[in-house]
Amino acid sequence: MRKSLAIAASAAALLALGLTGCSSAASGTAAAGKDVTCPNGKIKFGILPYEDPSRLEPAYKTLAKALEKKLDCPVEVVITEDYAAEVLAMENGKLDVAEFGPLGFVFASERAGAVPLVSFGDAEGKPTTYTAGIWVKKDSPVKTLDDLKGHTLALGSPGSTSGDAFPMSALKDAGIDKEVRSDYAGGHPEALLALGNGTVDAAQINSQTLESAKSEGKFDESKFRQVWKSNPIPNDPITVRSDAPQEFQDAVKKAFLELDPKDVAEVGKFLDVDPAGPMIEVTKETYQPLFDLAKTMGLTEKDV
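Our subject in this report is the structure included herewith. The model shown is predicted, which means the values in this text are computed figures rather than measured ones. (Residues numbered from 1 in each chain as written. Predicted model: local features only at pLDDT ≥ 70, side-chain atom pairs only at ≥ 80, totals over all residues. Heavy atoms only, no water.)

### Side note on helix α3 (residues 83-91)
The element α3 is extensively covered by neighbouring structure, given that eight of its nine residues are classed as buried. For α3, every residue scored as buried is listed here: Tyr83, Ala84, Ala85, Glu86, Val87, Leu88, Ala89 and Met90. Residue Asp82 occupies the N-cap position of α3, its side-chain oxygen lying 3.3 Å from the main-chain nitrogen of Ala84. Backbone geometry just downstream of α3 places Gly93 in the positive-phi region, at approximately 75°. (Buried < 20%, exposed > 50% of the residue type's maximum accessible area, 1.4 Å probe, protein only. Helix = DSSP H or I, 4+ residues; strand = E, 2+ residues; numbered from the N terminus. Polar contact = N/O pair within 3.5 Å; in protein donor to acceptor, adjacent residues only side chain to side chain.)

### Section: the state of the cysteines
Summed over the entire model, instances satisfying the criterion amount to one disulfide. Between Cys38 and Cys73 runs a disulfide, and the two sulfur atoms are separated by 2.0 Å. Because the torsion about its S-S bond is 60°, the bridge between Cys38 and Cys73 counts as right-handed. Placement of Cys38 in the loop between β1 (20-24) and β2 (43-47) and of Cys73 in the loop between α2 (53-71) and β3 (75-79) is noted, with a sequence separation of 35 residues between them. Residue Cys38 is classed as buried on the basis of its relative accessible area, which comes to 0%. (Disulfide = S-S within 2.5 Å.)

### Here's the deal with the sheet that holds strand β7 (residues 133-137)
Strand pairing in a sheet takes place through backbone hydrogen bonds and is either antiparallel or parallel in direction. Taking strand neighbours across the sheet as the criterion, the five strands line up as β9-β8-β10-β7-β11 in an open arrangement whose pairing is mixed. Lying at the two open borders of the sheet, with one neighbouring strand each, are β9 (181-184) and β11 (224-229). Direction aside, the axes of adjacent strands within the sheet are offset by 25° on average. Bridge count between β7 and strand β10 (residues 202-204): three bridges; the pairing is antiparallel. Looking at β10, one finds that Trp135 is bridged to Ala203. In this fold helix α6 (residues 188-197) packs onto β7, β8 (152-155), β10 and β11, with an angle of close to 165° to the strand it touches most, β10. (Pairing = 2+ DSSP bridges. Axes fitted to C-alpha atoms, helices over the stretch in contact; angles between N-to-C directions. Contact = heavy atoms within 4.5 Å.)

### Things to note about the pattern of salt bridges
Under the criterion given, the structure shown has 14 salt bridges. One salt bridge in this structure joins Glu51 and Arg55, with 2.9 Å as the shortest N-O distance. Residue Arg55 is classed as partly exposed on the basis of its relative accessible area of 25%. Across the pair Glu211 and Lys214 runs a salt bridge, and its minimum N-O distance is 3.6 Å. You can see Glu211 and its partner Lys214 sitting in helix α7 (residues 207-215), three residues apart, about one turn around the helix. Three or more residues are tied together by salt bridges with common partners; here these are Glu51, Arg55, Glu216 and Lys218. (Salt bridge = Lys/Arg side-chain N within 4 Å of Asp/Glu carboxyl O.)

Dropping the structure here:
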């Protein structure tokens, strides 16, 4: 059975200033202005730590720099401790804009009123997706999902779409969720590492982590085997606080949609969007399958 972390733990971390920020400087009077595009003098842009924060930071600083030029307002990138901390930060008014995982958006929508604006398009301007997966070593006796009974499985983090909800849903659908010893490794890279080190029999590895690890020479696919793959999952939405002025929401959406793909490319590589295209508009309906999944599995914010 899985370990479950209470959202209260992240609340405590949030109150303890468990956020890391990196600012991109902007010039001029707009930084202190209270106009449409910069109502608070600065925009706080939340990012969940789906990869090593030290690797995410420079990619998102590039995107933030391009965004602040469009809005004439400083953009501070805030890398939160975990999924729950990001939801709480938006709920508590500590984030103006935030990128959530698809399932994280479900809870952010319900608890913090997050409004989806855009997501990541491909070179043709079409929506992009990724997949969840369960992998084993090539010489493993595990050949199918049913064979996982009695074996250990490394998940990512609580509340992760591909690292928690989707693989657990697959185990539940197969009727073996109580017979697999699953636990959280702490993130996508950590789950992959646990499998490579042989400390678990299987691990969730999504297509984004897979491509990133392969490009860095950290994963030799010929030595592993995929025993389960999910249906396509819509890529991460970038959202805005619902209580922000409508003029600000519209301006932020417009700015994202007008970004040059080259300003999105560094982030896109982490999301298996390469080559990156322009950002595309999304709505709550885009993520309806995730709302349905949460309802089917009886997931609530406490499962984050």
